[in-house]
Amino acid sequence: MRLATWNVNSVRARVDRIVEFAVRESVDVLAMQEIKCTVAQFPFDAFAEAGYHVEAHGFSQWNGVAIASREPLTEVETSFPGMPGFANNVSGPDSPLEARALGATVGGVRVWSLYVPNGRALGDPHYFYKLDWLGALEQHVRQTLTETPDQALALVGDFNIAPTNADNGDPAVVEGFATHVSAPEREAYAALEAAGLSDVVRPLVPTGYTYWDYKRLRFPKNEGMRIDFILGSHSFADAVTGAAIHRNERKGEAPSDHVPVVVDLDLTGPDDDDRPMIF
DNA sequence: ATGACTAAGCCACTTAGA
């Protein structure tokens, strides 16, 4: 199975480009973030013509997540337990939920397409919302992997955190003055790893950014950030056979500011033929 | 000068992204 995640920054503005990529790269499951439309506005037909089922979740022009898959998606959820909402600068369990999470099962893998809140600025209500949101996500991962430790679980998407200084090449994003690189955000990311997940791309693709700001020639100067990740439980990580960051998707006509991140999985499990026969 | 991209909607300005 080939699984990809991509913050597409409006699915309607570049649907042809997205579907062409999925077909060209033989992507089986494509998790998307920032679809920037309602479910009613989603261009399902273009995906269906290319052989993809789609589950989409979006309320408005803001946020929105989706998963396209060649095989049908089951057990679809539009939030994880405890996920806080946000409206009118108030976050918490009583605020309306935003369209930032979509969970579905395919090929035995539980996939979450996630668009972690941006945070806007250090100290902004949205920043505390981001930290609360990540804390609830960690709790969900912890609970899932306590109940079913061998579940192939993947959290994929735009985490809006550069976990190390090497993941930030944008000179405007300065530690101590900007979101994405603050200690609490990095601690929230580390807590996901402590809960039993690992970045399955980094061992195979140690360097490279996944996002470049549209402004100030960030892409030609390669002043980007690595903020889009595929985090997997041990069963998922053990099945990974390859990974890629498709930097070329930042080029050309009307690109997203993010590029796709892809992993290949061998989910057939241990080969019985390799084991000694015991009578 | 801290600005100068992009997308969507109450569409010619505002909000949001990061």
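Residues numbered from 1 in each chain as written. Chains lettered and ligands numbered in written order. Predicted model: local features only at pLDDT ≥ 70, side-chain atom pairs only at ≥ 80, totals over all residues. Heavy atoms only, no water.

As annotated in an unreviewed UniProt entry, chain A is Exodeoxyribonuclease III from Microbacterium rhizomatis. Under the Sequence similarities (unreviewed entry) heading, UniProt states for chain A: "Belongs to the DNA repair enzymes AP/ExoA family." (UniProt positions renumbered as here; feature names shortened; annotations may be inferred.)

A.B. asks: Explain the pattern of salt bridges here, please?
C.D. replies: Proximity of charged atoms lets side chains of opposite charge pair with each other. Per the counting criterion, the structure on display carries 14 salt bridges. Glu 98 is paired through a salt bridge with Arg 100; the nearest N and O atoms lie 2.7 Å apart. One network of salt bridges, with partners in common, ties together Arg 2, Glu 25 and Asp 264. (Salt bridge = Lys/Arg side-chain N within 4 Å of Asp/Glu carboxyl O.)

A.B. asks: What am I meant to see in the layout of surface pockets here?
C.D. replies: One water molecule sets the probe size; rolling that probe over the atoms shows where empty space is left. A volume near 810 Å³ is recorded for the largest pocket. Lining the largest pocket are 32 residues, and of these Tyr 115, Asn 118, Arg 120, Asn 160 and His 180 lie nearest its centre. (1 Å grid on protein atoms, 1.4 Å probe; cavity = no way out; pocket = protein on both sides within 12 Å on 5 of 7 lines; lining within 4 Å. Points joined across faces, edges and corners; volume = space filled by probe spheres on them.)

A.B. asks: I keep staring at helix α4 (residues 183-194) and nothing clicks. Help me out?
C.D. replies: An α-helix turns once every 3.6 residues. As a result, residues three or four positions apart point the same way. In this model, α4 (twelve residues) spans 16 Å end to end at C-alpha, consistent with the 16 Å of a helix rising 1.5 Å per residue. For α4, every residue scored as buried is listed here: Glu 185, Arg 186, Ala 188, Tyr 189, Ala 191 and Leu 192. In this structure, the buried side of α4 is in contact with α3 (125-147), β10 (152-158), β11 (198-199) and β12 (228-232). (Helix = DSSP H or I, 4+ residues; strand = E, 2+ residues; numbered from the N terminus. Expected span 1.5 Å × (residues − 1). Buried < 20%, exposed > 50% of the residue type's maximum accessible area, 1.4 Å probe, protein only. Contact = heavy atoms within 4.5 Å.)

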